[in-house]
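# An overview of the molecular structure
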Amino acid sequence: MDEMKIERMDKGWVKCSMPVSKKVTNAYGTLHGGCIATLVDIVGTIAVITIDPKRAGVSLEMSISYISSAKLGETVSMEGNCMKLGKKIGFTEVKIFGEDGRLVATGRHTKAV
């Protein structure tokens, strides 16, 4: 994840990118599902802290839908939205796209903040 870059941010929203390198691929040469889940966690958390930097929180629940693969050498982009930030709970949604704009995965992340 050390190669992930924040491209743009606004209140409740963030766009990031990351090259699919060997260290984040599975045996098939595609972006590992565990890495995708971690990206949902990280990018969703960044979306939350664009609203309140002191409320990164901890995970309560995550769900991921794996839709297509991203191959070694490709750069993926991620868009994270904080759908709601309440007094105790935050709800985020993250979409991960391949270089050609196809949807690779979507994830929802609920956080205790």
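Okay, so let's go over this structure. Predicted model only: the values in this text are computed from it and were never measured.

What counts and what doesn't
- Residues numbered from 1 in each chain as written.
- Predicted model: local features only at pLDDT ≥ 70, side-chain atom pairs only at ≥ 80, totals over all residues.
- Heavy atoms only, no water.
- Helix = DSSP H or I, 4+ residues; strand = E, 2+ residues; numbered from the N terminus.
- Rg over C-alpha atoms; globule rule 2.2 N^0.38 Å.
- Buried < 20%, exposed > 50% of the residue type's maximum accessible area, 1.4 Å probe, protein only.
- Polar contact = N/O pair within 3.5 Å; in protein donor to acceptor, adjacent residues only side chain to side chain.
- Contact = heavy atoms within 4.5 Å.
- Salt bridge = Lys/Arg side-chain N within 4 Å of Asp/Glu carboxyl O.
- Patch = residues over 30% accessible without salt bridge, like charges linked within 9 Å, V, L, I, M, F, W, Y side chains within 5 Å.
- Areas by Shrake-Rupley, 256 points an atom, 1.4 Å probe, with all protein chains shown as cover.
- Pairing = 2+ DSSP bridges.
- Axes fitted to C-alpha atoms, helices over the stretch in contact; angles between N-to-C directions.

Turning to the overall build of the chain, a few remarks are in order. When helices and strands are counted, the chain shows one helix and six strands. N-terminal to C-terminal, the α/β element order of the chain is β-β-α-β-β-β-β. Taken over C-alpha atoms, the radius of gyration comes to 13 Å for the chain, in line with the 13 Å a tight globule of 113 residues would show. Once the C-alpha set of the chain is aligned to its principal axes, its extents read approximately 40 × 25 × 25 Å. The buried share among the 113 residues of the chain stands at 40%.

A separate point is the side chain of T45. The residue T45 is located in helix α1 (residues 33–49) in this model. Engagement of the side chain of T45 in a polar contact is seen with the side chain of K111, the distance being 2.9 Å. Residue contacts for T45: discarding those within four places in its chain leaves A56, H109 and K111.

Below, the discussion takes up the pattern of salt bridges. Inspection of the entire model under this criterion finds four salt bridges. Close ionic contact of E93 with R108 constitutes a salt bridge, the shortest N to O distance being 3.3 Å. On the criterion of sequence distance, the pair formed by E93 in strand β5 (residues 89–97) and R108 in strand β6 (residues 103–112) is long-range, its members being 15 residues apart. A salt bridge links D100 to R102, with the nearest nitrogen and oxygen atoms 2.6 Å apart. Here R102 falls in the partly exposed class, since its relative accessible area comes to 26%. Because the salt bridges share partners, they merge into one network encompassing E74, D100 and R102.

As a further point, take a nonpolar patch on the surface. Side chains of L60, M83, I89 and F91 sit close together on the surface and give an oily, nonpolar patch of about 340 Å² of accessible area. By the element assignment, M83 lies in strand β4 (residues 75–85). For M83, a relative accessible area of 41% corresponds to the partly exposed category.

Turning our attention to the sheet that holds β6. Across the sheet, which stays open at both edges, the six strands sit in the order β1-β2-β4-β5-β6-β3 with antiparallel pairing between neighbours. The sheet is open, and its two edges are formed by β1 (5–10) and β3 (58–66), each paired on a single side. Here the average twist between neighbouring strands, direction ignored, is 15°. Examined bridge by bridge, β5 and β6 share nine bridges and lie antiparallel to one another. Along β6, the bridge assignment pairs E93 with R108.

Each regular strand displays side chains that alternate between the two surfaces of the sheet. With seven of ten residues buried, β6 lies mostly within the body of the structure. Taken together, the eight bridges between β3 and β6 define a ladder with antiparallel strand orientation. Opposite Y66, over in β6, you have A105 as the bridge partner.

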